[in-house]
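Commentary on secondary and tertiary structure
The lines below spell out each chain.
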Number of protein chains: 2
Amino acid sequence: MKHLVRTSKNLGHAIRQARKAKNLTQKELASMSGVWQETISKIENGSGGTKLETLFDLIAALDLEITVTERSKGTSDGLEDIF
Amino acid sequence: MKHLVRTSKNLGHAIRQARKAKNLTQKELASMSGVWQETISKIENGSGGTKLETLFDLIAALDLEITVTERSKGTSDGLEDIF
DNA sequence: ACTCCATATGACCTCTGGATCATAAATTGT
DNA sequence: ACAATTTATGATCCAGAGGTCATATGGAGT
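Values in this document were obtained by computation on a predicted structure and should not be read as measured data.

The rules we used
- Residues numbered from 1 in each chain as written.
- Chains lettered and ligands numbered in written order.
- Predicted model: local features only at pLDDT ≥ 70, side-chain atom pairs only at ≥ 80, totals over all residues.
- Heavy atoms only, no water.
- Near = heavy atom within 4 Å.
- Polar contact = N/O pair within 3.5 Å; in protein donor to acceptor, adjacent residues only side chain to side chain.
- Helix = DSSP H or I, 4+ residues; strand = E, 2+ residues; numbered from the N terminus.
- 1 Å grid on protein atoms, 1.4 Å probe; cavity = no way out; pocket = protein on both sides within 12 Å on 5 of 7 lines; lining within 4 Å.
- Points joined across faces, edges and corners; volume = space filled by probe spheres on them.
- Nonpolar A, V, L, I, M, F, W, Y, C, P; charged D, E, K, R; others polar.
- Least-squares fit on C-alpha atoms with pLDDT ≥ 70 in both.
- Contact = heavy atoms within 4.5 Å.

What follows is about the protein's contact with DNA strand C. Within the structure, DNA strand C sits among 16 residues, and Arg16(A), Gln26(A), Ser41(A), Trp36(B) and Gly49(B) are positioned closest to it. Here a phosphate oxygen of DNA strand C and a backbone polar atom of Gln26(A) are 2.8 Å apart. One of the side-chain N or O atoms of Thr39(B) is found 3.1 Å from a phosphate oxygen in DNA strand C. Put simply, the parts of the chain that give the surface near DNA strand C at least two residues each are helix H1 (8-21) and helix H3 (37-44) of chain A together with helix H3 (37-44) of chain B.

In structure tokens form, the structure reads like this:
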């Protein structure tokens, strides 16, 4: 699945989905990423300006990757998942 | 161009490249994104944990998009740009 | 209903990112 | 070399993110 991320809320969804897909609890993800369970909860619920470093920790622990590209001109190839 | 972003430094490169590609100065990007020129400078140089909201502002102003996907298994299709 | 685990919330404290202004250093043009 | 523009740095201040602990709420399962 590919998540187009424009807001913190999008991000939260992507993180939560990836975590669930791996059958991890927030606590487990917390211990493998070094990010507190409480913080993960907030992030998954899209609460405000997380720090990038925190995001990278989560992304790495979840085996995800972030890419930055030019905005695709209309070509919504159907793989995106926007919230 | 597609930038795989794992660190703040990667991010900085992606931002700077996109800005240059559009022939914008930091000050111009600053006024169109609402992010201070000084802050843009720091971000482009990869200095530390930027806030997500700031990043989103920049990304939007530069017509870029962020996607989160599962880490591609080996398939380095040659389009990435890692720093 | 009652456990047990998961997730959310609330409070406190510390640390740091970003706004803001000033200025230094680097780059570009002539 | 010089002037002009762009980028970097340095300092101060403030808001808020995350570490940390305690607790509340929610959900499964029995």
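Now that the structure has been shown, we can carry on.
This part is about empty space enclosed by the protein. The tally for this structure, following the rule as stated, stands at one cavity of 30 Å³ or more. Together, 14 residues line the largest cavity, and Leu55(A), Ile66(A), Leu52(B), Leu55(B) and Ile66(B) are the ones closest to its centre. A class-by-class count of the residues in the lining of the largest cavity yields 14 nonpolar, no polar and no charged.

Tracing the sequence through the fold places Lys42(A) in helix H3. Sequence-wise, Lys42(A) and Gly12(A) are 30 residues apart; in three dimensions their C-alpha atoms are separated by 8.4 Å.

With that settled, consider the relation of the copies chain B and chain A. When chain B is brought onto chain A, the operation consists of a screw motion whose angular component is 180 degrees and whose axial shift is 0.0 Å, with 0.0 Å RMSD remaining. In short, the pair behaves as if placed about a two-fold rotation axis. Of the C-alpha atoms belonging to chain B, the one lying closest to the rotation axis is found on Lys51(B), 2.2 Å away. An overlap of 100% is found between the interface residues of chain B and their copies at the interface of chain A, pointing to a shared contact surface.

Everything listed is a geometric property; what it means functionally is a separate question.
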